[in-house]
Structure formats: structure tokens, C-alpha cells
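# Residue-level structural notes
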Amino acid sequence: MISAAIMEWERAPAVDDELDRARRRDPDALTALLMRYQHRLYRYLVRMVHDPAAAEDLFQQTWLRVIEKIGRYDPRRSFEAWLFTVARNLAIDHLRRQRTESLDDPGSPARPPVSNPDALERCLADEQVRTLQAALAELPGVYRETVSLRFEQDLKLEEIAEVVEAPLSTVKSRLRRGLEALRQKLGAGFDREDRP
Amino acid sequence: MNEHLEVKELLPLAASGALDASERRRVLQHLAECARCAAEERQWGSLASALAGAPRSQAPAGLAERTRARMLAALDERTERRWNNAVLAGLLLLGWSMGLPALALLRLVRGDLPASLDIDAAGLLAWLAASTVFAWITAGVAVLLIGNRRETVWRNL
Ligand SMILES: [Zn+2]
């Protein structure tokens, strides 16, 4: 109850108004939302499907789906969580079609990122960052998704639970196991660098 | 010892800002008296800050603009589809309303119009005339809408 009150207080009236207009399919409001969430949404999709071209396609499909479904979005809930849920469902359909990995099966390893990494990553000289990115990409789907939603998309745990349609306890355990697997992959090399 | 193991399990979540208030208190209390967990907590902390601080990839240039164009086209199409549905509903209504005078006319010609319907021939003609005018207007609107739709399709090609 308290957290709901805080959320309400945190959300600026301007954003509320924008969501209201978006729900009535106002093109300007929808464009503003598209611009605001473009990087986070794209990042999430790349993380999910490992393929920039497919992520671009899913990105566009997500916004077309948003237009269709936004009338059913409940404005008392987090728009981010709703948006990522729409994107996630499309990504899962895509992965199912690909049949390369299942998000619901923690045992299946993810393909390492193929094709061309994006410009920002390519320019990175920092070895540690590259190692971290590679380790993250190799995590099983469910863990990779949860870690990414928390650290790359900055979602709250409750919002992640909404997106992945799982109880909070499941999200917590996926996050913990994901981080443990990540640390195991990174091994002593990562720990050593942070020792004084 | 049990406390040590349980708190150790909580450390990755603590680094992710994923603990509730009571769990956080418990962890802090234990860290104050357990050097091994305190060291462990620093490791998780550095992993979490590396994750949070990692450079973030951006959406490719032009993706948002392309998406916006498709979104606006889809909105147009949506509006048009709703118009078409409205016209279709109007045409159905028209068909139904024209069926009634035709039936009445038939019965009038056969001379068995029920007395309760007390419609004279002049009233019936007026109704038929109005229906015909309405049909022409509806047909005109439908032609305009279909023409507009073709234009949209061309624009989106
Ligand atoms: Zn301890």
C-alpha cells in the first residue's frame, strides 16, 4: 500500500497525461513513448534474441502491438512493465519459431552473441566489460533475462515479476542464481581485479 | 553457522537492491560480525556495480523513425477500418429497412395488408423515395471510402 502510494507520487502528472493520451491512440503521445523507451526496449530485445536484425524487427512489432492493445493497458500499473511484457511475448514467439533455445528451460545454454556486435560494444577497449558482456550472453535464458531486466533495464523486482509472469520469490531466486552463475563464469579473474 | 549460510545466500540479492527491510537489517547485522561474509559482500558489490555501470547499447539510428512511420500508418489503417465497419453496418441497416416497404408493397398489391398497419399508398411511396435517396447517399460514401482506402494502400507501398 505504501509502495503504491510512493509510485503514484513518483509519477509526474505530465507522464500520466501522456499515458492517457496514448491510451486514446494520440500519435504525439505514442511517439513520445516510443522515443523515451527506444534504447531500453531495443537493448532488452537484443539480450533476449541475440540477433540485432531480429531485435529490430521485434522492436517494430512491439510498437504495432502496443497500438492494438493499449486500450487494455491499466494505467494504475507500470507502463514499463506492460511494454516489456508485450515485447517479451513477441520475443518468445520468435524464439519458439527459431527453436534454438527455450526461455523456460534454465538448462539450455544461450548461443553466444553471433553476427556483429553493435558499434558501442565494438569500440570498447575495456577487457573486463567485454568479459562481463560475454558471460552475461552465455547465461541460460531465464537468468539472463532477469539479470538484464534488473541491471540493464532498471526495472524494480515487482515490475520484473509482472513482465515474466512469475511470483516475486521466483524472480529473486532467478536473480540470485543468475548472479552466481555469472560470477562462476567470470571466475577468479574478475574477483582479483577488484581486490585492493 | 546456520545464520552465516543463510546470510551468504542473501548477499547477491543484497547487491541487487532486492532485499526487503528486515532481510537488509539481518544482513547488515551479520556483516558487522563476520569478516568472510563482509569480503563476500564486497565481491557481489563489485559485480553488481560492473553490471549496472556497463556501457549500454543504443537502438540503431533510424529505427525509432522507421517504427514511428509504421505506427502512424497502422493508426490510419485502424481509423479507416473502423469507418468501413460503420459503413457496412449502415448498409446492413439500409438493406433491412428496404426489405420492409418491399414486403408491405407486395402485400398491398396482393390486397392483404393487415388493417393494423394502416399505411396508405402515398405514405409507402414517400418511404420508398426516401429509402432510395438514402441508398444513393450511402453508396456515394462507400465509393469515397473505398477510393480513400486505395490511396492509403498506395501510399504505404
Ligand atoms: Zn558469515
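Preceding this paragraph is the structure being described.
The numbering scheme is per chain: residues are counted from 1 as the chain's sequence reads. Going through the entries in the order they are written, you letter the chains from A and number the ligands from 1. Local features in this predicted model are restricted to residues whose pLDDT is 70 or higher, and side-chain atom pairs enter the listing and the counts only when it is 80 or higher, whereas totals over whole chains, interfaces and linings include all residues. For side-chain calculations, the full set of non-hydrogen atoms in the structure is used, while hydrogens and water are omitted.

To continue, consider the interface of chain B and chain A. The interface of chain B with chain A comprises 36 residues on the first partner and 43 residues on the second. Throughout, buried area stands for the accessible area (probe radius 1.4 Å) lost by two parts on being put together, summed over both. Counting the surface chain B buries against chain A, the share from its top three residues, Leu51(B), Arg56(B) and Met71(B), is 17%. The rule for a salt bridge is simple: a side-chain nitrogen of Lys or Arg has to be within 4 Å of a carboxyl oxygen of Asp or Glu. The tally of links between chain B and chain A comes to five salt bridges. With a closest N to O distance of 2.6 Å, Arg66(B) and Glu56(A) form a salt bridge. We call two N or O atoms a polar contact when they sit within 3.5 Å, provided that within protein one can donate a hydrogen and the other can accept it, with sequence-adjacent residues counted only if both atoms are side-chain atoms. Applying the counting rule to chain B against chain A returns 13 residue pairs in polar contact (both at pLDDT 80 or more). Runs of E in the DSSP output that reach at least two residues are strands. Runs of H or I that reach at least four are helices, and both are numbered from the N terminus. Breaking the side of chain B that touches chain A down by element, the ones donating at least two residues are helix H1 (2-15), helix H3 (35-53) and helix H4 (63-110) of chain B. When residues in the side of chain B that touches chain A are grouped by element, the largest group, twelve residues, is from H4(B). Here the side of chain B that touches chain A is composed, by residue class, of 19 nonpolar, seven polar and ten charged. The criterion used for residue contact is that any of the two residues' heavy atoms lie within 4.5 Å. Gly falls in the polar group here, along with every residue not listed as nonpolar (Ala, Val, Leu, Ile, Met, Phe, Trp, Tyr, Cys, Pro) or charged (Asp, Glu, Lys, Arg).

Next up on the list: the coordination of the zinc ion. Residues and elements named next belong to chain B. Only N, O and S atoms count as donors, using a 2.8 Å cut-off from the metal and 3.2 Å for Na, K and Ca, and because water is excluded some sites may appear unfinished. Distances from the zinc ion to its protein donors, namely His 4 (ND1), His 30 (NE2), Cys 34 (SG) and Cys 37 (SG), fall within the range 1.9 to 2.3 Å. Any coordination sphere not matching a tetrahedral pattern (four donors, all angles between 85 and 135 degrees) or a square planar or octahedral pattern (four or six donors, opposite donors over 155 degrees apart, other angles between 65 and 115) is reported as irregular. The coordination sphere of the zinc ion comprises four donor atoms, whose angles at the metal cover 100 to 124°; the geometry is tetrahedral. When a residue's accessible area, from a 1.4 Å probe over protein chains only, is under 20% of the maximum for its type it is buried; when over 50% it is exposed; and in between it is partly exposed. Residue His 30 is classed as buried on the basis of its relative accessible area of 8%. What makes Cys 34 buried here is its relative accessible area of 12%.

For the rest of this paragraph, the subject is the nonpolar core. Among soluble globular proteins, nonpolar side chains are generally buried collectively. The criterion is simple. A nonpolar core is a set of buried Ala, Val, Leu, Ile, Met, Phe, Trp, Tyr and Cys residues joined through side-chain atoms within 4.5 Å. If you look at the biggest cluster of nonpolar residues, it comprises 73 residues, and the most contacted ones within it are Trp63(A), Phe79(A), Leu182(A) and Leu51(B). Looking at this core element by element, the count peaks at eleven residues for helix H3 (residues 27-49) of chain A. Ignoring anything within four residues of it in the chain, the contact list for Trp63(A) reads Leu30(A), Leu33(A), Leu34(A), Tyr37(A), Leu41(A), Leu83(A), Thr67(B) and Met71(B).

Residues and elements named next belong to chain A. With 23 residues, H3 ought to run about 33 Å at 1.5 Å a step, yet its terminal C-alpha atoms sit only 29 Å apart, falling short of that. Along its length, H3 reaches its greatest deviation from straightness, about 55°, at Tyr 37. Two residues or fewer after H3 comes His 50, characterised by a positive phi angle close to 65°. To estimate the expected span of a helix, count its residues, drop one, and scale the result by 1.5 Å. What is called the bend at a residue is the angle between a pair of axes, fitted to the seven residues leading up to and ending at it and to the seven starting from it.

Here we come to unusual backbone geometry. All names here are of chain A. In this model, Arg 25 sits at a positive phi of 60°, which is unusual for a non-glycine residue. Note that Arg 25 resides in the loop between helix H2 (13-23) and H3. Notably, Glu 165 is not glycine yet its phi reads approximately 50°, a positive angle. Relative to the elements of secondary structure, Glu 165 occurs in the loop between helix H9 (157-164) and helix H10 (168-193). Take Glu 165: its relative accessible area is 60%, and that puts it in the exposed class.

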